[in-house]
Amino acid sequence: MKQFLKTFSLPVAIIVGTLAYMLFYYVPALDSVGDVMYRVITDSLPVMMSLILFVTFLKLNYHEVGIRAWHIAIIVAQLLMSVACVAVILAFNLEGEMKIFVEGVLICIICPSAIAASVVANKLGGNLTEMTTFTLLSNLVAVFSMPLLFPLIEKSADLTFLSAALIILDKTVKILLLPLFLAAFVKHYLPKIYRAISGVKDLGFYLWAIMLALVTGITVRNIYHTDIARIFLFWIALSSAVVTAVQFIVGKSLGERYGNRIDGGQGLGQKNTTFAIWCAFTYLHPVSSIAPGCYILWQNIFNSWQLWKHESAS
């Protein structure tokens, strides 16, 4: 059982999250409890993410921090695909469902790399330091790309460089930089605490699996509560699956050219979908937020397969 959970922890987390939501959904007596739990979980996710990163960053080699060639290659690919989506909307003057469809693809591409990408990349044998550096760079690029592109396709998008920068930097500082600095402090000044925490093997990964179960439950809840046509929901879900596959393939191919296939794939393929959902709902058509909601499931199903393959090979 222990080996099974170690190998299939992510699919188990996805299944547990789905079943947990269905339990609250189909049992009337738990309906009010479910509403309270939803608010508690959504409020606690940033704290839990910071905790996971703190545990992961204890393994970080701060002397290796720096921009690498594969960082630039991935960023350029991401920007080119984002511009292509905007060009399609403008060139064909898309409106209605087709515009929502392409906006869903756009937000899955343009949103920054997931903060948890470092956790998965490290588990797969990638370079934790280079992946963490790319995550910071990816968030910085989002500060400039989103304010430039969103107003071109949504004239009502009240998004300025200053507002976008403050929003993204606020999230980055709280969730990414704070645990980074705290881990550095503990590693250098509190060696006993450092050894106690870092001595627990794969602690960050298993904490992330728990968070994945919670995020999956929230995602399934949002899909259940949408009132759009099921056939349109199907096409959005399918498009996000295709985008997931394309980004992982392109990321791995570019990363391989620079000797970093694992981090390249995670850097372009694993996205900060929670932030993407918020951006889509706020600045694009709200229905387009379903695409990154589905992306959560696809990227973690793929991550589960990668981890299973990695465990089987080791």
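You'll find the structure just up there.
To start, this report covers the structure provided alongside it. (Residues numbered from 1 in each chain as written. Predicted model: local features only at pLDDT ≥ 70, side-chain atom pairs only at ≥ 80, totals over all residues. Heavy atoms only, no water.)

**A word on the overall build of the protein**
- Counting its regular elements, the protein contains 14 helices and zero strands.
- Going residue by residue from the N terminus, the α and β elements of the protein occur as α-α-α-α-α-α-α-α-α-α-α-α-α-α.
- Across its three principal axes, the protein shows a C-alpha extent of roughly 60 × 55 × 40 Å.
- In the protein, which comprises 314 residues, the share counted as buried stands at 52%.
- Sequence-distant contacts in the protein: of pairs separated by 6 or more residues, those separated by 24 or more amount to 81%.
- Of the accessible surface of the protein, which amounts to about 15,000 Å², a share of 71% is contributed by carbon and sulfur atoms. (Helix = DSSP H or I, 4+ residues; strand = E, 2+ residues; numbered from the N terminus. Buried < 20%, exposed > 50% of the residue type's maximum accessible area, 1.4 Å probe, protein only. Contact = heavy atoms within 4.5 Å. Areas by Shrake-Rupley, 256 points an atom, 1.4 Å probe, with all protein chains shown as cover.)

**Side note on helix 11 (residues 230-257)**
- Counted at 1.5 Å a residue, the expected span for helix 11 with its 28 residues is 40 Å, and the 41 Å between its end C-alpha atoms agrees.
- Immediately downstream of helix 11, the backbone of Gly259 shows phi near 75 degrees, a positive value. (Expected span 1.5 Å × (residues − 1).)

**As for the pattern of salt bridges**
- Within this structure, the stated rule accounts for two salt bridges.
- Between Glu130 and Arg68 there is a salt bridge, with its nearest N and O atoms 3.3 Å apart. With a gap of 62 residues between them, Glu130 in helix 7 (residues 128-153) and Arg68 in the loop between helix 3 (31-57) and helix 4 (69-91) connect regions that are remote in the sequence.
- You can call Glu130 buried: its relative accessible area is 13%.
- We note a salt bridge from Arg261 to Glu256, for which the minimum N-O separation is 3.4 Å. (Salt bridge = Lys/Arg side-chain N within 4 Å of Asp/Glu carboxyl O.)

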